Amino acid sequence: MRVVRDGTMTTQGAMANKSGHVFERMAVPVFEANGYPVVAWKQFREHPLDRCAVKDVPFINVYGSQSKTEFVIVDGDRRIRVECKFQTSAGSVDEKFPYMYLNSVLAYPEKEVILIIDGDGYRPGARQWVIDRVNENWLGYKELGKSIRVMRLTQFTDWVNHGMPYGDGQLM
């Protein structure tokens, strides 16, 4: 347990979860400033847009069950899955990195995947582990026609601001 600003007690897990949600909300202005309104999945299903960022898009994960990620960017026929992991305090979000990578390669239906990993609360080497797997084409994602990139929020912002150039799986 840890005391937070208002004097109440909270767990490290609750703090990490809150940090993750704050981080997701930080991405919304980036989309909107670049002409991508953020819409809920249900709204998009009922009234598809040609250019938007769809929030909480479901997919069938590597375990065969329903999951969702933060966003899918829709730009005409182009679909880019965006998964965000942010941790500012010690916790377990970095234990999800291998699962996130496996879903990127094997489960996400989109051919382009952006993994936003930021904050300084994950264990040393955890973010680098994901970068190394991407750089070595682990599990052959390139042969599956996929592009996976690992970014920090500032890199993601620059990438969106520059028109979301296509990538070949290299680290930005």
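Residues numbered from 1 in each chain as written. Predicted model: local features only at pLDDT ≥ 70, side-chain atom pairs only at ≥ 80, totals over all residues. Heavy atoms only, no water.

### Examining the nonpolar core
At step 1: Ranked by internal contacts, the top residues of the largest apolar core, which has 19 residues, are F31, I73, V82, I114, F156 and W159.
At step 2: Of all the secondary structure elements, the ones that give two or more residues to this core are α1 (12–33), β5 (66–75), β6 (78–86), β7 (112–118) and α5 (153–161). (Core = buried A, V, L, I, M, F, W, Y, C linked by side-chain atoms within 4.5 Å. Buried < 20%, exposed > 50% of the residue type's maximum accessible area, 1.4 Å probe, protein only. Helix = DSSP H or I, 4+ residues; strand = E, 2+ residues; numbered from the N terminus.)

### Concerning the packing of aromatic side chains
Working definition: an aromatic ring pair is given by the centre-to-centre distance plus the angle between the planes.
At step 1: Tallied over the full model, the rule gives 10 aromatic pairs.
At step 2: Ring centres of Y101 and W129 lie 6.5 Å apart, and the angle between their planes is 80 degrees; this geometry places the pair in the edge-to-face category. With Y101 in helix α3 (residues 97–106) and W129 in helix α4 (residues 126–135), this pair connects stretches of sequence that are 28 residues apart.
At step 3: The class for W129 is partly exposed, based on a relative accessible area of 26%.
At step 4: Ring geometry for F156 against W159: centres 5.9 Å apart, planes inclined by 35 degrees, an arrangement best described as tilted. One end of the pair is F156 and the other is W159, both in helix α5 and three residues apart, which spans about a single turn.
At step 5: The exposure class of F156 is buried, given its relative accessible area of 0%.
At step 6: Residue W159 is classed as buried on the basis of its relative accessible area of 1%. (Phe/Tyr/Trp six-rings, centres within 6.5 Å; stacked < 30°, edge-to-face > 60°.)

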